[in-house]
Amino acid sequence: MSSTRPSSDEFSASITTATSEDVTTLMSDLFLRHRLKIVEDLWEAVLRQECGQELVDLLNQLRQMCSPEGQATTFTGSEVLQVVEKLDLNEAIRAARAFALYFQLINIVEQHYEQRDQQLQYRMAREGHAQPDPKHERQAYATEEDAGRPEADFLERSLHESASRREIGTFHWLFPRLKQLNVPPQQIQRLINQLDVWLVFTAHPTEIVRHTIRDKQRRIAKILRQLDSVEDSLKAVGLSSSWEADALRDQLTEEIRLWWRTDELHQFKPTVLDEVDHALHYFREVIFDAIPHLYQRLEEAVHGSFPKMQMPRRNFCQFGSWVGADRDGNPSVTPQVTWQTACYQRRMVLERYVQSIQSLSDLLSLSLHWSDVLPDLLESLEQDQQRMPDVYDRLSIRFRQEPYRLKLAYIRKRLENALDRNDVLSNGDGLQQEIPEYDEATFYRSGDDFLAELRLIQGNLSATGLSCRDLDHLICQVEIFGFNLAHLDIRQESPRHSETMNEIVEYLQVLPKAYNDMTEAERCQWLVTELQTRRPLIPTEMPFSDRTRETIETFRMVRKLQQEFGIDICHTYIISMSHDVSDLLEVLLFAKEAGLYDPVTGVGAIQVVPLFETVEDLQKAPSVMRGVFDLPFYKALLAGGFESIGVKTALQEVMLGYSDSNKDSGFLSSNWEIHKAQQALQSIADEHGVVLRIFHGRGGSVGRGGGPAYEAILAQPGHSVNGRIKITEQGEVLASKYSLPELAIYNLETVTTAVIQGSLLHNKFDEIAPWQQVMEELAARSRAHYRALIYEQPDFIDFFHQVTPIEEISQLQISSRPARRGGKKDLASLRAIPWVFSWTQSRFLLPSWYGVGTALQGFLDEAPEKHMQLLRHFYYKWPFFKMAISRVEMTLSKVDLQIAGHYVDELTQPEDRERFAPVFEQIRNEYLLTRELVLTITGHNRLLDGDPELQRSVQLRNGTIVPLGFLQVSLLKRLRQHKTLAASGVVRSRYSKGELLRGALLTINGIAAGMRNTG
C-alpha cells in the first residue's frame, strides 16, 4: 500500500519556506499522515493474518489500477473489470469488507485529528494567541468597496478566510471582533438574553453503521488518544518508542481483528425503540458530559471582552428528538411507543444523575469540625430524616459529622425511587394504566425539585467560600436536560388528519356533505366554529378504523405525557406536507378534544408547527401563516391565552423542508425558494407582532440541505434568525458531529456563534432587488432543466432503477420506516433519503448539482463578461450565493462520472442501451458545464482549492472508492442476473440470492463509509 506520508526532504523544504502559521499547518498535516500510515499498516497486517497475502495483493492491485485521487479522466477500466469479474463471491465479499474497514478506520483517524486540532485551537484562543491583528483588519477594510460597513467586511471574511479555519466560528474568535466593530454591548446583551438554539435528533435512518461497530470505533479512538499521550511524552524526553506505545499498537491490532470478524450488516430490521437507543447513545456517551463545557466556553469568551455582561440562561442550547415520536409514514410509531420513549429517556438521565451524585458524595467529604453549614441545610436534613427514616437509620452514624454526604444520600435515594417508579410506568400501558401511588416526599417528581436541592448545597458551599466544579456542571446538566433529556416532537402528515376528520364527521353526520368534499373555505369556516365551542366532538367510545383511533389516541397520549412528565416533554406537533390553513386548524381541533387547548381562555399546551416541503407549499407558506395569524383565537394561543395578548411573546415555529423541495425542483431552486419563504414569513410575522422561529429540516447530504452549519446559518436572510433557530441532525451526521466530545462541543459552539453573529451583523445583500431578480431567473432555469430530466424525460425512471442500487438499498435493514410512502414504486412516493442515497452510491450525486450549470450558462449567455463579473461579485459578497456555490463545489468533488459510466455500461439491460445513452450523455454534459462554471466563479484551479482540509479528505477517499465501485457493480450484476434467471425458472448460479444480496449490501456499506455520506 502506498504511503500517505511525505518524505523528510519534502517536509524540510516545506518548513524552510513556510510562515509560522504554515509551519503549524504542516506539522498538523504531518501528524495526520503519520496516524494514517500507522492505521494503514495495521489494516494490512490484520488482513494478512486473517486472509493471507493474496487478499492484500489483490487490494494493492485494484488500487494501483485506479487514480490515487479518484475522478480519473481515463483509467484502464477493462483491466480492472477483468480482475473483478474473475473473483468468486467470497473473494469479492472479502475485498469489499476490507475496503469498507479501511474507510471506517480513516474516518476514525480524521475525526481524532479534527478533535485534536480543535483542542489546540481552543487552547491557543484562551491563551491569547489567536487575537485579531488590528493592522490586518484595517488593511482588509481599506481594500473593500463598502469600507463604511465593517459588518459586511467581517461577514465576508468569515466565509472566505482559509487561514485558521478551526478558529473561525468559535466564541473566543467572535466576541473580540464584536468589540472591535463597536457593536453596542446593550445590543449584544439583548441578543444573548433571548438566545434560543435547538438541535433535534431525528429518526431518519441514514445511519448505516451498526451500533456494535460504533462501539468499536469509539474504543479505537480512545486508544489513539492514549497513543498521542504516550508519543508526546516520548518526544519530550527525546525517545522514539517504548513498551507502552508498542502495547497500544498491539491493542489497536487486536481491536481491528475483532472488528474484522464482526458482521457489518444489521442482523434484523431495527425497531423504533432500537432507534431510540441509538440516538440516546450519543447523549449517554458524549453530549451529557460535553454540554457544561459549552456554557463555560461562552462565559469565558463573553467576559473576556465584556466583563460586565450578564450570561444567558444555561439552557440557551437545547435538544429535541423525533425518535419514537415521528409517525409520518411509520406505522411502527404508536402512542405506546412514544410513551416508552419518554420513559426510556427519563431512565437514561436519572441513571446519569445517580452516578453524578455518587461522585459528589466522594468529593464533598467536608466535616462539621472544619467547615460550617447554613441553617437551611440543617433544617433540610431534619425534614429528610422525618420523610426517609430508613436512610437516616442506615447512614446517620456514618455521616454524623459530614452533612453534605448525608444530604447527598437522601438525594440519591429519591433519584433511585424515581427510577423504580419510572420502570413501572414504562412496562405499563401509557394510556390505560393508573399512575402508581408513591409518597411524593420520597422521590423527585421533576427536575425542578432535584435542582432546588442541588442549589441548596451550592449555596452552602458558596457561603463558606467554597465552590465545586462538578456540582456546577451537574446543575448545568439538570437545567438543560431536566428529567426528560430531550423534548419529543410529534410529527404526522396532513392527509392523515383530514382522513381522520372525514371519518369522524361522517359517523356523527354533523355536516351536509363529506369533510373531504368541502372547499378550503368551507373547511376553515367549520373548523373555526368548532374550535370556539366547548362541546366535545369526538365520543369517548370510538367506533372508528384503526388509523383514525391511532390519530386520536396520539393526542390523548400527548396529554398523558404532559400530566406525567410536564409540558416540556412534548408540546410541539409538526404537520408534514402542510398545504392550507385547515391543516393547522385540524390539529388544533384534535388538541382541543384531547384537553390540550381551552377555547374559553385561549390557553393551549401544544404548539402547531406547519412543515412546508414542496416548492408549491413553500410559495404558499406566507399566505397560510397570514390566514392563521388573522384568527384572534390563534394569536391568543401563541401568546399563552387571551389575557396574555400584548403582554407575553407570541412565538410561532415554522418548519421548512429541504429534502422534498430538492427532489421536487433541484438544488438551486429548492434553496432559493426556502430563502424567499423565510423572508416572506418574517415579514408577515413582524406585521402581526409574532416572533418567528424557523425550524430547518436539514439532512446529511447537500441534496437534503446538508453542509457546514456555520456557513448555512450566516447565509440566512438578514432578520430571520434573531437569536432563534432550530435544526434537525440526521443520520450519519450524528456520528460525524457527536461521536467525540471535542467534536460535539465544536459543532454546538459554531452553530451558536453563527446564530449570534448572523443576528447582530445583519446581511443586507438579501434586500437588493436586482440581485434577487437574478437569483429568481437562475432558480427558474435550474428548476426547468432539472424537471425536464427527472420528471419529463420518459426513460429517466427506468434509467434510475437500473443504474443505481435503489432496489438493493431498500432491502437494507437500517430503518423501522418504509423507504416509500404508501408502498408505491413511483418516484413521487419514494422518500428523499433513498433517492439521494442511490445517486451517492453510484457516484452521480445528481440531486445536489444538476441544473445549476445550465442556469448559470443561460445567464452568462446574455452578457458573458459582465454577468460573470456579477456572479463573482455575488460569490464574494452574498452569503447565500457563496453557500450555494460552495455546496455544489463540494458535491462535484465527490462525483466520478467514469465510475458512474461504468454503472450505466454494466447494469443497463441490453435492450435499453440505446435509449439510456442520451440520458447519461445529458447528465455528463451538465456535470462538465457545472464544474467549469463553478471553477470560473470561485477562481479555483481545482475543486475545493479554497478548503484544503476538505479537499484532502475527499481525495483521500476518492481513489479507494473506485475499486469498491467496480466490486459493487459486479455483485449487483450477478444478483440481478440471478433474479432474472429465477423468474424464468432456470438458475445456473453457484450462489443463492441471499448470498449475492449480502455481497451487494456490504459494498453499499463500504461506499457509504468512504463517501462519509448516505442520504
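Keep in mind it's a predicted model, so treat the numbers as computed, not measured.

A few words now on the overall build of the protein. Counting its secondary structure elements, the protein contains 40 helices and eight strands. When contacts within the protein are restricted to residue pairs at least 6 apart in sequence, those whose partners lie at least 24 apart make up 82%.

A few words now on the pattern of salt bridges. With the rule as written, the count across this model stands at 63 salt bridges. Of the charged contacts, one joins Asp 228 and Arg 35 as a salt bridge, the two residues approaching to 2.5 Å between their closest N and O atoms. Taken together, the positions of Asp 228 in helix H10 (residues 211-236) and Arg 35 in helix H2 (residues 20-51) put the pair 193 residues apart, joining distant regions of the chain. The pair Asp 228 / Arg 35 is uniform in exposure class, with both members buried. Between Glu 50 and Arg 261 there is a salt bridge, with the nearest N and O atoms lying 2.9 Å from each other. Taken as a pair, Glu 50 in helix H2 and Arg 261 in the loop between helix H11 (243-260) and helix H12 (272-305) lie far apart in primary sequence, 211 residues in all. Overall, Arg 261 belongs to the exposed group, its relative accessible area being 62%. In the salt-bridge network here, residues are joined through shared partners; they are Arg 35, Arg 116, Asp 228, Glu 231, Asp 232, Asp 246 and Arg 249.

Here we come to the sheet that holds strand E7 (residues 691-697). Read around the closed barrel, eight strands run E1-E2-E3-E4-E5-E6-E7-E8, paired in parallel fashion. With strand direction ignored, the average angle separating the axes of adjacent strands in the sheet is 25 degrees.

Bringing the packing of aromatic side chains into the picture now. By the definition in use, this model includes 42 aromatic pairs. Consider the rings of Phe 874 and Trp 878, whose centres lie 5.4 Å apart with planes at 85 degrees: the pair is edge-to-face. Across the pair, Trp 878 and Phe 874 agree in class, each one buried. One aromatic cluster in this structure is built from Phe 201, Phe 283, Phe 288, Phe 319, Tyr 353, Tyr 444, Phe 450, Phe 481, Phe 483 and Tyr 738.

Counting buried residues along strand E1 (residues 196-201), six of its six residues qualify, which places the element largely inside the surrounding structure. Side chains Asp 196, Trp 198 and Val 200 of E1 all project onto a buried face; the interleaved residues Val 197, Leu 199 and Phe 201 project onto the opposite face, where all are buried too. Alignment of E1 against strand E8 (residues 724-729), held across six bridges, turns out to be parallel. Its bridge partner being in E8, Phe 201 is matched across the sheet by Glu 729. As judged from the five bridges shared by E1 and strand E2 (residues 317-321), these two strands associate in the parallel manner. Within E2, the residue paired with Phe 201 across the bridge is Ser 321.

Once that is clear, we can look at the pairing of strand E6 (residues 651-657). Of all seven residues making up E6, six are buried, and the element is well covered by its neighbours. Strand direction decides the pairing type here: strand E5 (residues 607-612) and E6, joined by two bridges, are parallel. Looking at E6, one finds that Leu 611 is bridged to Met 655.

Attention shifts here to the environment of Val 349. The residue Val 349 is located in helix H13 (residues 335-363) in this model. On the basis of relative accessibility, which here comes to 0%, the residue Val 349 falls in the buried class. Counting along the chain gives 133 residues from Val 349 to Gly 482, while the straight-line C-alpha distance between them is 8.0 Å. Those residues in contact with Val 349, other than ones at most four positions away along the chain, are Phe 288, Phe 481, Gly 482, Phe 483, Asn 484 and Leu 485.

Here the focus is the nonpolar core. Soluble globular proteins tend to bury their nonpolar side chains together. Among the nonpolar cores identified, the biggest contains 138 residues, and Leu 778, Phe 799, Trp 835, Phe 844 and Phe 881 are the most heavily contacted of them. It is helix H5 (residues 89-126) that provides the largest number of residues to this core, a total of 15 residues. Excluding residues that lie within four positions of it along the chain, Phe 799 makes contacts with Trp 839, Phe 844, Val 904, Phe 916, Val 919, Phe 920 and Ile 923. Counting 90 residues, the second-largest nonpolar core is a separate cluster that includes Leu 191, Ile 287, Ile 411 and Ala 486.

It is worth spelling out the side chain of Ser 361 at this point. By the secondary structure assignment, Ser 361 is in helix H13. For Ser 361, the residues in contact, after removing those within four places along its chain, are Arg 405 and Leu 408.

What follows deals with helix H34 (residues 852-862). Buried residues of H34: Val 852, Gly 853, Ala 855, Leu 856, Gly 858, Phe 859 and Leu 860, and no others. Residues of H34 that are buried sit in contact with helix H26 (667-687), helix H30 (769-790), helix H35 (864-877), helix H36 (879-894) and helix H38 (913-938).

This paragraph deals with the confidence of the model for the protein. Regions with low pLDDT should not have their predicted coordinates read in detail. Looking at the protein as a whole, the pLDDT averages 87, with 88% of positions reaching at least 70. The model gives residues 129-148 a pLDDT under 50, and that stretch makes 31 contacts with residues more than four places away or in other chains.

Another aspect to go through is the packing of H36 against helix H39 (residues 948-984). Taken N-terminus to C-terminus, the directions of H36 and H39 make an angle of 25 degrees; their axes are 10 Å apart at the nearest point. By the angle between their directions, the pair H36 and H39 is classed as roughly parallel. The chirality of how H36 crosses H39 is right-handed. On H39, the residues that touch Met 890, Ser 893 and Lys 894 of H36 are Leu 950, Val 954 and Asn 958.

Positive phi outside glycine occurs at Gln 509, with the angle close to 55 degrees. Along the polypeptide, Gln 509 turns up in the loop between helix H19 (494-508) and helix H20 (520-531).

We now examine the packing of H30 against H34. Two elements in contact, H30 and H34, have axes separated by 7 Å at closest approach and are oriented at 130 degrees. On the basis of the axis angle, H30 is oblique to H34. Here H30 and H34 pass one another in a crossing that is right-handed. Along the contact surface, H30 presents Val 774, Glu 777, Leu 778, Arg 781, Ser 782 and His 785, while H34 presents Val 852, Thr 854, Ala 855, Leu 856, Gly 858, Phe 859 and Glu 862. Its residues assigned to classes, the contact of H30 with H34 comprises six nonpolar, four polar and three charged.

A word on the environment of Glu 264. By secondary structure assignment, the location of Glu 264 is in the loop between H11 and H12. When the C-alpha atoms of Glu 264 and Asn 1005 are compared, they prove to be 7.8 Å apart, with 741 residues separating the residues in sequence. Among all residues touching Glu 264, those that are not within four sequence positions of it are Arg 97, Arg 210, Leu 1002 and Asn 1005. Within the structure, Glu 264 has its side chain in polar contact with the side chain of Arg 97 (distance 2.6 Å).

Conventions and cut-offs
- Residues numbered from 1 in each chain as written.
- Predicted model: local features only at pLDDT ≥ 70, side-chain atom pairs only at ≥ 80, totals over all residues.
- Heavy atoms only, no water.
- Helix = DSSP H or I, 4+ residues; strand = E, 2+ residues; numbered from the N terminus.
- Contact = heavy atoms within 4.5 Å.
- Salt bridge = Lys/Arg side-chain N within 4 Å of Asp/Glu carboxyl O.
- Buried < 20%, exposed > 50% of the residue type's maximum accessible area, 1.4 Å probe, protein only.
- Pairing = 2+ DSSP bridges.
- Axes fitted to C-alpha atoms, helices over the stretch in contact; angles between N-to-C directions.
- Phe/Tyr/Trp six-rings, centres within 6.5 Å; stacked < 30°, edge-to-face > 60°.
- Core = buried A, V, L, I, M, F, W, Y, C linked by side-chain atoms within 4.5 Å.
- pLDDT = per-residue confidence, 0-100.
- Parallel < 35°, antiparallel > 145°, perpendicular 65-115°, else oblique.
- Left-handed = near helix turned anticlockwise from the far one by under 90°.
- Nonpolar A, V, L, I, M, F, W, Y, C, P; charged D, E, K, R; others polar.
- Polar contact = N/O pair within 3.5 Å; in protein donor to acceptor, adjacent residues only side chain to side chain.

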